[in-house]
Amino acid sequence: MGAAALVLAFLAFALFYPLGRVLVLGVGEGFGRALANPYYWERYLFSLEYGLGSALLTLALALPLAFLFRWRFPGRAGFLALSTLPFVLPTPVVALGFLALVGPRGLLGLDLYGTRAVLYWAALFYNLGLALRILLPVALALERPLEAARVLGASPFRAFLRVGLPLLLPALASAGLLVFLYAFSAFGVPLLLGGPRYATLEVEIYTLLAYRLAFPEASALMLLQVATLAGVALLYLRLQGAALPPPVPPRPLPRGRGWALALGMGVFFLGVYAPLLALALRLEPLALASAWASEDFTPLPLALANTLRFSLGALGLALLLGVAYALAARGRLWVDLLGLLPLMVSPVAVGLGYLVAYPGLRGSLLLLLAAYALLAYPLLARALLPALRGLPPSLLQAARVLGASPFRAFLRVELPLLLPALSSGTALALAALLGEFGASLVLWRPEWTTLALAIYERLGRPGEGPFREAVALALVLALLSAGLFYLLDRGRGRFG
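No experiment lies behind these values; they were computed from the predicted model shown.

Definitions and limits used
- Residues numbered from 1 in each chain as written.
- Predicted model: local features only at pLDDT ≥ 70, side-chain atom pairs only at ≥ 80, totals over all residues.
- Heavy atoms only, no water.
- Salt bridge = Lys/Arg side-chain N within 4 Å of Asp/Glu carboxyl O.
- Helix = DSSP H or I, 4+ residues; strand = E, 2+ residues; numbered from the N terminus.
- Buried < 20%, exposed > 50% of the residue type's maximum accessible area, 1.4 Å probe, protein only.
- Axes fitted to C-alpha atoms, helices over the stretch in contact; angles between N-to-C directions.
- Parallel < 35°, antiparallel > 145°, perpendicular 65-115°, else oblique.
- Left-handed = near helix turned anticlockwise from the far one by under 90°.
- Contact = heavy atoms within 4.5 Å.
- Nonpolar A, V, L, I, M, F, W, Y, C, P; charged D, E, K, R; others polar.
- Lys, Arg positive; Asp, Glu negative; His and termini not counted.
- Polar contact = N/O pair within 3.5 Å; in protein donor to acceptor, adjacent residues only side chain to side chain.

Draft legend 1. Main features of the pattern of salt bridges. For the coordinates displayed, the defined rule picks out 7 salt bridges. Taking the shortest distance from any N to any O, the salt bridge between Glu 49 and Arg 116 comes out at 2.8 Å. In this pair, Glu 49 is assigned in helix 2 (residues 38-68) and Arg 116 in helix 5 (residues 116-141), connecting sequence segments 67 residues apart. Residue classification places Glu 49 among the partly exposed residues on the basis of a relative accessible area of 30%. Put simply, Arg 458 and Glu 457 hold a salt bridge, and the shortest N to O gap is 3.7 Å. In this structure Glu 457 comes out as partly exposed when scored by relative accessible area, which is 26%. Because the salt bridges share partners, they merge into one network encompassing Arg 282, Glu 284, Glu 464 and Arg 468.

Given below as structure tokens:
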């Protein structure tokens, strides 16, 4: 019960009370004004369209990819690892990659800034690996049921339609809902690539706060967003846990067909991830030196030090909360549901809540670290929880029978078995912290500028020089995130 109490106490301080204060503001006059304004409904409808369109586009490409990855071919493991790379890349890095390729100064000479095309491409870039991660194990598990149907005389199409599709639908719905959640509440990509025409509800909330100080209207929009995300998240949770046959290992292809498939995969991934390549090609050593000693913007050493200081400080708190949450949620569904709430609330909304709820603490490092930990600990816990639930109860019972206290039994028996999952979850949480953008932007102080904010700072200034410095900073942040993630995870997150 102690672990559950710790998580609940933190949620009360860092989530429930701030959101409650925002709720009070939003339900009043601001809510009526927002609902009566057709402009805000346009932002809401565009957010819905962006979420739904991103989900359909991602599924349309991830489903055939998942079935192609049922085969063993040259470079298969490398392509799967590449598909997970966007998980650890901060939003400003990805946005800079797209600007370097198809922005006003892009390598291709094709300016897609402020278009739907670049937003959907970015959504595919971020979510393809996520959908593949959900669909591939299911595609591998369908091998035996489909083979049994074909042995009984069904054609391949009929076997897929009558046997495969019903088993696949829950995973398709789960992947689609998850992509919808991320795209609907997207902030960094629409802010940096969408221009004024294609702003999501999240961007509109930030605009209301940063430029108009319209707290009531921003609060009303946040309520609309949270209500939508909560409905989708509950639907997502209801789809979890469908039983499937065990997956089978990927089957080998004849040599020629295997190389042909590898070549096709290479062309496909090169197209989807070309922005990263463009980012590397646009790097200029002089821009890196200029960013290092910049007098017009936050210099690179200070931004790097802030990024590491805040991320590592919040990681300690996120680690404590993530382990406590996983232990508490192992046998209590209500704790599991409560602990997921931070994933349904946008970082900008969290920052807004803190400004409203704790005016005396504005500019306090405590609020920034609390926001960081709130957004990171669920990621750590979601990686840890399946491993914790998979431990045989007899292990813990044997330790308790031999006289170990609950804490000692966890420390000596469970923790060593959980270390791989804990390490993967820590890597995921740290990657999220290094690139945190939304809450940092709302709670920002000049001396707290991180690498992500330093990139945004330079993008806000016209000219080639600031853009080149932003590209250099983006590469530093990408290498830092990917390097630390690899050191902690070391491929444990691979799948298939």
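Draft legend 2. How the structure looks around the packing of helix 9 (residues 201-212) against helix 17 (residues 347-357). In contact at an axis separation of 9 Å, helix 9 and helix 17 are set at 30° when each is read in the N-to-C sense. Comparing their axes, helix 17 and helix 9 come out roughly parallel. Crossing of helix 9 against helix 17: the hand is left-handed. In this structure, helix 9 uses Glu 202, Ile 205, Tyr 206 and Leu 209 to contact helix 17, whose residues at the interface are Pro 347, Val 348, Ala 349 and Leu 352. Residue classes in the contact of helix 9 with helix 17 are distributed as 7 nonpolar, no polar and 1 charged.

Draft legend 3. Inspection of the side chain of Arg 43 at higher detail. On the secondary structure map, Arg 43 appears in helix 2. Buried charge Arg 43 goes without a salt bridge, the closest partner of opposite sign being Glu 42 at 4.2 Å. A distance of 2.8 Å separates a polar atom in the side chain of Arg 43 from the backbone oxygen of Ala 199. Beyond its immediate chain neighbours, meaning those up to four positions away, Arg 43 contacts Arg 197, Tyr 198, Ala 199, Leu 201 and Glu 204.

Read these as layout, nothing more, since geometry by itself doesn't imply function.
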